[in-house]
Amino acid sequence: MSKIKVMDEALANKIAAGEVVEKTMNVVKELVENSIDAKASIIKIELIDSGVREIKVIDDGIGMDRDDAILAFSRHATSKLKTLDDLFNINSLGFRGEALPSIASVSNVYLKTSDGITGTELTIEGGKIKEVLSADLKKGTTITVTNLFYNTPVRLKYLKSLYTELANITDYVNKMALSYPNRKFILKNNDKELLNTSGNGDLLKTILNIYGVVVASKMLKIAGENNDYKISGYISYPELTKSNRSSITLLINNRVVKNYEVVKAILESFHTYIPKDRYPYAVLNIEVDPFLVDVNVHPTKMEVKFSKVDSLLNLIYETISNKLSAKTLIPKAIQDNVEDNYYKDLESKDLEVNDNLYDYQNAEESKQEKTKKNLTEITFDFSNSASNTKDNGHQEVEEDARIKNMYPIGIVHGTYIICENELGMFIIDQHAAAERINYEKYYHALSTHSKNTIDVLIPYKIELPSHEYLILEQNFHILDNLGFKYEEFGNNTIIIRSHPTWLPKYAPLEAIKKIIDIIIKEEDFDEEKFNEKVAITLACKMSIKAGDVITLPDMTYLINQLKKTKNPFTCPHGRPTIITYTKYDLEKLFKRAM
Ligand code: ZN
Ligand code: ZN
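Residues numbered from 1 in each chain as written. Chains lettered and ligands numbered in written order. Predicted model: local features only at pLDDT ≥ 70, side-chain atom pairs only at ≥ 80, totals over all residues. Heavy atoms only, no water.

> Report on the packing of helix 9 (residues 260-269) against helix 10 (residues 309-325), specifying residues and quantitative values.
In the contact formed by helix 9 and helix 10, the axes pass within 8 Å of each other and the chain directions differ by 30°. The pairing of helix 9 with helix 10 is recorded here as roughly parallel in orientation. Here the hand of the crossing between helix 9 and helix 10 comes out right-handed. Along the contact surface, helix 9 presents E261, V262, A265, I266, E268 and S269, while helix 10 presents V309, L312, L313, I316, Y317, I320, S321 and L324. Looking at side-chain class alone, the contact of helix 9 with helix 10 contains 10 nonpolar, two polar and two charged residues. (Axes fitted to C-alpha atoms, helices over the stretch in contact; angles between N-to-C directions. Helix = DSSP H or I, 4+ residues; strand = E, 2+ residues; numbered from the N terminus. Parallel < 35°, antiparallel > 145°, perpendicular 65-115°, else oblique. Left-handed = near helix turned anticlockwise from the far one by under 90°. Contact = heavy atoms within 4.5 Å. Nonpolar A, V, L, I, M, F, W, Y, C, P; charged D, E, K, R; others polar.)

Okay, here's the thing in structure tokens:
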């Protein structure tokens, strides 16, 4: 009788394993979280072949006595393990207690544990305890899981490649290290060390351990709070980006979670500071009453939902954008050798970050800048922004102290303006700078619904293919909102009699055609998105291009206008407008200073 019961249990464990332990990552996760629950201060994870052959987790935690060690692998005693130090204070990890027996049912497990009073060694095969021995008394737990999935060949087939498994595990352990900067994490695969954190409680130090010196030296500390939430952590300078969002770590009360809306709020605060397909580094801890968090959305994926989510998103957006807008963000042409004492004990083991620094992949823009230039379009919109700033509704922004006065000296490759001041040498991309100025001007005019219009002497006649005209006809209200005066003229033709004053004066027809083009292509009209698109498109197509000849006074004017923008450091596509060689950089390069 009892034998049958055991069989049933083994079967039940296998079924449960399918839900819980479908990846080596989940096994690592379970074991590491047990170590954390055991209050370990050092957690060492050693893998062979990404964990498929062997996963060993060694900790110096409180350990277990003999009875608890045996109970830990019995399905009926799982409630024992559910007394977790659960930081959410809710049932976020409902599967937890079942995971150890589930893991044991699809692998061989060797456990050595000691609570300092008794030491125990267990050998478990296929979910059954084979041997119980006494062990030495060194406090802590070592658990070795070998031949994972050995008795479930089908599942083994579905395991992703070893590399992907390892990437997932590394990502997970990195994030655990960020959640618990006061614990030391060591991760090895086939004897190669992938992570070794200091565990001294300093989050920036952990960032350094994970991402390397270059990243750690370009992080900005952030903090903010409102009635519901308190946030703290680090974000990267906009010049430091990645091609995916894997370096954004979210923590709630120091526990790693995922939340799409929060990531989106972070990205929105970086809007136009970084290219659209690039992502910042961020470690954001959200402190909140667990009452406002719902983790039951998907416990194994760590996805959460927030009550009062707008309150949180506003706080994040405000905190990050205020931080960015208070900083001088001119990237240095020469990267510092970060050698101060803080970092000296560590070598940079960051492999990809350097390559990423200026790896902007916005090929579209550079392509378009290489195409043949149409001279009628190529003028910086001096006339408009120079004098009548009040008339065209462009708000005068207080001169930005983030950029000191600088004086143009000349131009390189017809594109890069060389300037200087007492701090060093600056190089400005004339197109990117003009684009930033015009983008902010157009965006401001659009979003404040500036209705000043100007009549054209000879009305513009625009004829469209009939299917496009039909779409335009349905969207005439957009033209009305923008302040255009127009009339329909026969078949598929519109006549423009007056247009908003903020359009570039030297080529209003081109601009109008581009706006109509956007209206026709825009699917679900959303005013903010539309304004953004019009502002970026006009700024990009109607500003001076690379290679356009400008004079020294033009350069001075351009610099002064750039200084007045809200974000003078990047163009609306997130590329830098300005970089610098500091005086010290130059002295170092010429070996005047060492
Ligand atoms: Zn452009
Ligand atoms: Zn641009």
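> Describe the sheet that holds strand 20 (residues 485-488), listing the residues and the values that go with them.
As summarised here, the arrangement of the three strands in space is 19-21-20, forming an open sheet in which the pairing is antiparallel. The open sheet has two edge strands, strand 19 (453-463) and strand 20, and neither has a second partner. The sheet shows a mean angle of 15° between the axes of neighbouring strands, direction not considered. The sheet contact formed by strand 20 and strand 21 (residues 493-500) spans four bridges and is antiparallel. Within the sheet, the bridge partner assigned to E488 lies in strand 21 and is I494. Across the face of the sheet, helix 17 (residues 508-521) comes into contact with strand 19 and strand 21 while running at roughly 60° to strand 19. (Pairing = 2+ DSSP bridges.)

> Could you give me a rundown of the pairing of strand 16 (residues 407-412), with the residues and numbers involved?
Along any regular strand, the residues point their side chains to alternate faces of the sheet. Here five bridges tie strand 16 to strand 17 (residues 416-421), and the two strands are oriented antiparallel to one another. In the strand pairing of strand 17, Y407 is matched with E420. The antiparallel pairing of strand 16 with strand 17 creates a hairpin that spans three residues between the two strands, and H413 there sits at a positive phi of about 50°.

> I'd love a proper account of a nonpolar patch on the surface, names of residues and values included.
Side chains of I70, I129 and V132 sit close together on the surface and give an oily, nonpolar patch of about 180 Å² of accessible area. Here V132 is to be found in strand 5 (residues 128-134). Residue V132 is classed as partly exposed on the basis of its relative accessible area, which comes to 31%. (Patch = residues over 30% accessible without salt bridge, like charges linked within 9 Å, V, L, I, M, F, W, Y side chains within 5 Å. Areas by Shrake-Rupley, 256 points an atom, 1.4 Å probe, with all protein chains shown as cover. Salt bridge = Lys/Arg side-chain N within 4 Å of Asp/Glu carboxyl O. Buried < 20%, exposed > 50% of the residue type's maximum accessible area, 1.4 Å probe, protein only.)

> Quick one: what's the story with the sheet that holds strand 10 (residues 229-236), residue by residue and with numbers?
Reading across the sheet, the five strands line up as 9-10-13-11-12 and stay open at both edges, with mixed pairing between neighbours. The sheet is open, and its two edges are formed by strand 9 (219-225) and strand 12 (255-257), each paired on a single side. On average, each strand axis in the sheet is tilted by 20° relative to the strand beside it, whichever way the strands run.

> Give a detailed account of the nonpolar core, specifying residues and quantitative values.
Core analysis: the biggest nonpolar cluster contains 54 residues, and F73, F185 and I207 have the highest contact counts within it. If one sorts the elements of this core by residue count, helix 6 (residues 162-179) sits on top with seven residues. Mapped onto the domain boundaries, this core takes at least three residues apiece from domain 1 (5-200) and domain 2 (218-327). The residues contacting F73, other than those within four sequence positions of it, are L100, P101, A104, V109, L111, L122, I124 and I143. Counting 51 residues, the second-largest nonpolar core is a separate cluster that includes V288, V309, L313 and L324. (Core = buried A, V, L, I, M, F, W, Y, C linked by side-chain atoms within 4.5 Å. Domains from an automatic or database assignment.)

> Would you mind going over the packing of helix 6 against helix 7 (residues 203-211) in detail, with residue names and values included?
At a closest axis distance of 9 Å, the pairing of helix 6 and helix 7 adopts a crossing angle of 165°. When the axis of helix 6 is compared with that of helix 7, the two are roughly antiparallel. Judged by the twist between their axes, the crossing of helix 6 over helix 7 is right-handed. Contact with helix 6, carried on its side by N174, A177 and L178, involves L203, T206, I207, I210 and Y211 of helix 7 and no other residues of that element. Each residue belonging to the contact of helix 6 with helix 7 can be placed in one class, and the counts come to six nonpolar, two polar and no charged.

> Residues and numbers for the pattern of salt bridges, please.
Considering all chains together, one arrives at 15 salt bridges under this definition. Of the charged contacts in the structure, one is a salt bridge between R255 and E33, with a shortest N-O distance of 3.9 Å. In this pair, R255 sits in strand 12 while E33 sits in helix 2 (residues 24-37), placing the two residues 222 residues apart along the sequence. Like E33, R255 is buried. Within this structure, K29, E33 and R255 form a network of salt bridges that share partners.

> Before we move on, can you summarise the packing of aromatic side chains with the specific residues and values?
Per the counting criterion, the structure on display carries seven aromatic pairs. Summarising the aromatic geometry, the rings of Y211 and Y281 are spaced 5.1 Å apart at their centres and angled 75° between planes, so their arrangement reads as edge-to-face. Taken as a pair, Y211 in helix 7 and Y281 in the loop between helix 9 and strand 13 (282-288) lie far apart in primary sequence, 70 residues in all. We note that Y211, like Y281, is buried. With a centroid separation of 6.4 Å and an interplanar angle of 80°, the aromatic rings of Y469 and F476 are classed as edge-to-face. Taking relative accessible area as the criterion, Y469 reaches 3% and is therefore assigned buried. (Phe/Tyr/Trp six-rings, centres within 6.5 Å; stacked < 30°, edge-to-face > 60°.)

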